[in-house]
Amino acid sequence: DVKVTQSSRYLVKRTGEKVFLECVQDMDHENMFWYRQDPGLGLRLIYFSYDVKMKEKGDIPEGYSVSREKKERFSLILESASTNQTSMYLCASSLTGVSGYTFGSGTRLTVV
Amino acid sequence: AQSVTQLDSQVPVFEEAPVELRCNYSSSVSVYLFWYVQYPNQGLQLLLKYLSGSTLVKGINGFEAEFNKSQTSFHLRKPSVHISDTAEYFCAVTPGNNAGNMLTFGGGTRLMVKP
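Values in this document were obtained by computation on a predicted structure and should not be read as measured data.

Chemist: Could you give an account of the overall build of chain B, naming the residues involved and the relevant values?
Modeler: Of the regular secondary structure elements, chain B holds 0 helices and 12 strands. For chain B, the sequential pattern of α-helices and β-strands runs β-β-β-β-β-β-β-β-β-β-β-β. On C-alpha atoms alone, chain B measures out to a radius of gyration of 14 Å, which is about the 13 Å that the 2.2 N^0.38 rule sets for 115 residues. Projecting the C-alpha coordinates of chain B onto the three principal axes gives extents of approximately 45 × 30 × 20 Å. Within the span of chain B, comprising 115 residues, buried residues form 46% of the whole.

Shown next as structure tokens:
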């Protein structure tokens, strides 16, 4: 089974901190995605990557950046955390559109 | 571009009753369709998918979905729900011509199974 591992289940950070959310997949998938999930708003795409060192903005990239130095790892960076970035963050990977996505367990981030 | 509408944000149902969670999509090309389930404080996991062939698709945990091209729908059904089916369910679509690998998600439906 494909595994997507997010490094933290719960995180509490202070306003203004730089925050790193890590995601690692173990099945050589080309595509990786970062979403945030908020009540009533569903899943919103932040960034995605189709290859190493490649990134594309999703629907809500403001306040975030990403890094993909290795195929298996896709990091989400909050440059200066703010309270409105308190959310559940979900990482996913896929081989093709046909295969669908495999999701990690999520990181619930609270910014205080 | 594709879009997905899940018509009900919440569906309360009693245990052992049947349930239908509705999903409609919009697309100018043929599509592949997916249903995912998210249990509390977890990521999403794939329930079932429609790629081609039979329009009735069976998935895990006794769920099934029917693709209706004329109505652009992909409703999810279960004949008898359990308390453990309480979760959020997401419908998703991707272009069938594999132009890119992006899934577009609906807003989700929270299924609440009551004893």
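Chemist: Go over the state of the cysteines with me, naming the residues and quoting the values.
Modeler: Residues and elements named next belong to chain B. One pass over the structure, following the stated rule, counts 2 disulfides over all chains. Disulfide pairing is shown between Cys23 and Cys91; the S-S distance is 2.0 Å. Between Cys23 and Cys91, the S-S dihedral sits near -65°, and the bridge is therefore left-handed. Residue Cys23 is found in the loop between strand E3 (19-21) and strand E4 (24-26), and its partner Cys91 is found in strand E10 (residues 87-95); the two are separated by 68 residues along the sequence.

Chemist: So what about the pattern of salt bridges? Which residues, and what values?
Modeler: For the structure on display, the rule yields 13 salt bridges over all chains. Notably, a salt bridge pairs Arg44 of chain A with Asp38 of chain A, separated by 2.8 Å at the nearest N-O pair. Since its relative accessible area comes to 24%, Arg44 of chain A is described here as partly exposed. For Asp85 of chain B, the salt bridge goes to Lys78 of chain B, with nearest N and O atoms at 2.8 Å. By relative accessible area, Lys78 of chain B is classed as buried at 7%. Among the ionic contacts, a cluster of salt bridges with common partners joins Asp28, Glu30 and Lys71 of chain A.

About the cut-offs
- Residues numbered from 1 in each chain as written.
- Chains lettered and ligands numbered in written order.
- Predicted model: local features only at pLDDT ≥ 70, side-chain atom pairs only at ≥ 80, totals over all residues.
- Heavy atoms only, no water.
- Helix = DSSP H or I, 4+ residues; strand = E, 2+ residues; numbered from the N terminus.
- Rg over C-alpha atoms; globule rule 2.2 N^0.38 Å.
- Buried < 20%, exposed > 50% of the residue type's maximum accessible area, 1.4 Å probe, protein only.
- Disulfide = S-S within 2.5 Å.
- Salt bridge = Lys/Arg side-chain N within 4 Å of Asp/Glu carboxyl O.

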